[in-house]
Amino acid sequence: MNELDNKMVSTKKNVCNEFKKKDGTGKDNQYLYLRSVAKIECGQNEGTAVCVHTSDAVKGHLFLTCAHVVDHTIQSVILRYDGHAIKGRVIYVNRKAVPYDIAVIVSEQTKQTTDILPCQISDKTPTIGQKMFSVGFACREYVPSTVFGHMHRMIYSILTTTCNVRAGFSGGPVFSIDRKLLGLTVGKLNMGTFHFVLPSIEFVETINKYIITNNIEILNDLESKCPLKTVLWNNGIPTFKV
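Residues numbered from 1 in each chain as written. Predicted model: local features only at pLDDT ≥ 70, side-chain atom pairs only at ≥ 80, totals over all residues. Heavy atoms only, no water.

1. Some remarks on the pairing of strand β9 (residues 158-161)
One face of the sheet, then the other: side chains in a regular strand alternate in exactly this way.
Point 1. Residues Ile-158 and Thr-160 of β9 are buried on one face, and the alternating residues Leu-159 and Thr-161, pointing to the opposite face, are buried as well.
Point 2. Bridge analysis of strand β8 (residues 145-155) against β9 gives four bridges, and the strand direction is antiparallel. Counted as the bridge partner of Met-154 is Leu-159 from β9.
Point 3. Joining the antiparallel neighbours β8 and β9 is a turn of two residues, in which Tyr-156 adopts a positive phi near 45 degrees.
Point 4. Across three bridges, β9 lies against strand β12 (residues 195-199) in antiparallel orientation. For Leu-159, the partnering residue across the bridge sits in β12 and is Val-197. (Buried < 20%, exposed > 50% of the residue type's maximum accessible area, 1.4 Å probe, protein only. Helix = DSSP H or I, 4+ residues; strand = E, 2+ residues; numbered from the N terminus. Pairing = 2+ DSSP bridges.)

Shown next, in the form of structure tokens:
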């Protein structure tokens with residue numbers, strides 16, 4: 001194991017322990033996962049973002065959301081958390097029509113953000129039938145909703161679940177029952193209840209490397225270079241129009 005690998009293991013352990021360290025009681029709080037979720041507003045678009053890291057190096061919080069929520073554009077956004085409006089800036093975003101519809105945001109560090117906690121990103125592939133839940137801010141709502149379901153299947157690096165999400169959940173987290181981030185909501189069928197999720201295994205390594213190095217060039221690895229995935233993504237993965 002090289003030095004970077006050792007740092008990545010250490011980082012994952014620190015993030016894993018973050019909930020317990022800041023909970024005060026040292027006990028698992030069943031609703032603590034809500035402290036990693038924020039509403040995001042970008043022009044007329046509304047969506048959801050999830051915090052995956054806090055760092056003095058970036059002087060703020062690192063959030064993930066969907067690229068289509070921020071119009072596939074490097075720009076400023078507003079994150080709403082616990083009644084506060086927090087300024088954020090997109091530092092990386094996938095190009096339109098290119099997998100995996102992911103954007104990375106850094107929020108400013110203020111007194112209003114000290115309550116935000118990063119979640120742990122899972123590096124495991126969910127299994128069919130596994131229980132999970134999605135969290136998001138439905139459009140025009142400022143209180144997060146939680147919807148439960150299970151994994152349906154995996155199709156070319158995209159998974160489907162039975163969580164009945166709504167418009168505004170785009171970019172929001174999908175958690176395992178033990179509250180690890182399994183992926184991000186990217187869309188839903190117009191008919192039926194199947195919910196499309198970008199699995200965390202597609203971005204966990206890149207995000208962890210960026211957290212360790214603070215090298216923004218590493219985030220380019222979040223864009224799939226696979227032609228087959230690009231074709232399937234553009235022809236089979238519907239997204240919310242938020």
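Next comes the rest of the description.
2. Quick word on the sheet that holds strand β4 (residues 76-81)
One key point about sheets: their strands pair by backbone hydrogen bonds, in either a parallel or an antiparallel sense.
Point 1. One closed barrel holds the six strands; their spatial order is β1-β2-β3-β6-β5-β4, and the pairing between them is antiparallel. Geometrically, the sheet is characterised by an average inter-axis angle of 40 degrees between neighbouring strands, direction not taken into account.
Point 2. Judged from the five bridges that link them, strand β5 (residues 84-93) and strand β6 (residues 103-108) form a sheet pairing that is antiparallel. Residue pairing for β6: Arg-89 is matched across the bridge by Val-106.
Point 3. Helix α2 (residues 204-213) rests against β2 (45-55), β3 (60-65), β5 and β6 of the sheet, and its axis sits at about 165 degrees to β3. (Axes fitted to C-alpha atoms, helices over the stretch in contact; angles between N-to-C directions. Contact = heavy atoms within 4.5 Å.)

3. Comments concerning the nonpolar core
Point 1. If you look at the biggest cluster of nonpolar residues, it comprises 51 residues, and the most contacted ones within it are Leu-62, Val-70, Val-104, Phe-175, Phe-203 and Ile-207.
Point 2. For this core, the element with the most residues is β5, which contributes five residues.
Point 3. Counting residues in each nonpolar core, the second largest holds 11 residues, with Met-132, Met-151, Phe-169 and Leu-182 among its members. (Core = buried A, V, L, I, M, F, W, Y, C linked by side-chain atoms within 4.5 Å.)

4. What to know about a nonpolar patch on the surface
Point 1. A surface patch of nonpolar side chains, amounting to about 300 Å² of accessible area, comprises Tyr-156, Leu-228 and Leu-232.
Point 2. By the element assignment, Leu-228 lies in helix α3 (residues 227-236).
Point 3. Since its relative accessible area comes to 47%, Leu-228 is described here as partly exposed. (Patch = residues over 30% accessible without salt bridge, like charges linked within 9 Å, V, L, I, M, F, W, Y side chains within 5 Å. Areas by Shrake-Rupley, 256 points an atom, 1.4 Å probe, with all protein chains shown as cover. Salt bridge = Lys/Arg side-chain N within 4 Å of Asp/Glu carboxyl O.)

5. Quick look at the packing of aromatic side chains
Point 1. Summed over all chains, the structure comprises four aromatic pairs.
Point 2. Relative to Phe-148, the ring of Phe-133 lies with its centre 5.3 Å away and its plane at 40 degrees, an arrangement referred to as tilted. Separated by 15 residues along the polypeptide, Phe-133 in strand β7 (residues 131-136) and Phe-148 in strand β8 bring together distant segments of the chain.
Point 3. Relative to Phe-175, the ring of Phe-133 lies with its centre 5.6 Å away and its plane at 40 degrees, an arrangement referred to as tilted. Taken together, the residues span a long stretch of sequence, with Phe-133 in strand β7 and Phe-175 in strand β10 (residues 173-176) at a distance of 42 residues. Residues Phe-133 and Phe-175 agree in their burial class; the two are buried.
Point 4. Put simply, the rings of Tyr-33, Phe-133, Phe-148 and Phe-175 touch in pairs and so form one group of aromatic residues.
Point 5. Against the face of Tyr-142 rests Lys-39, its NZ or CZ located 5.1 Å from the ring centre. (Phe/Tyr/Trp six-rings, centres within 6.5 Å; stacked < 30°, edge-to-face > 60°. Lys NZ or Arg CZ within 6 Å of the ring centre and 35° of its normal.)

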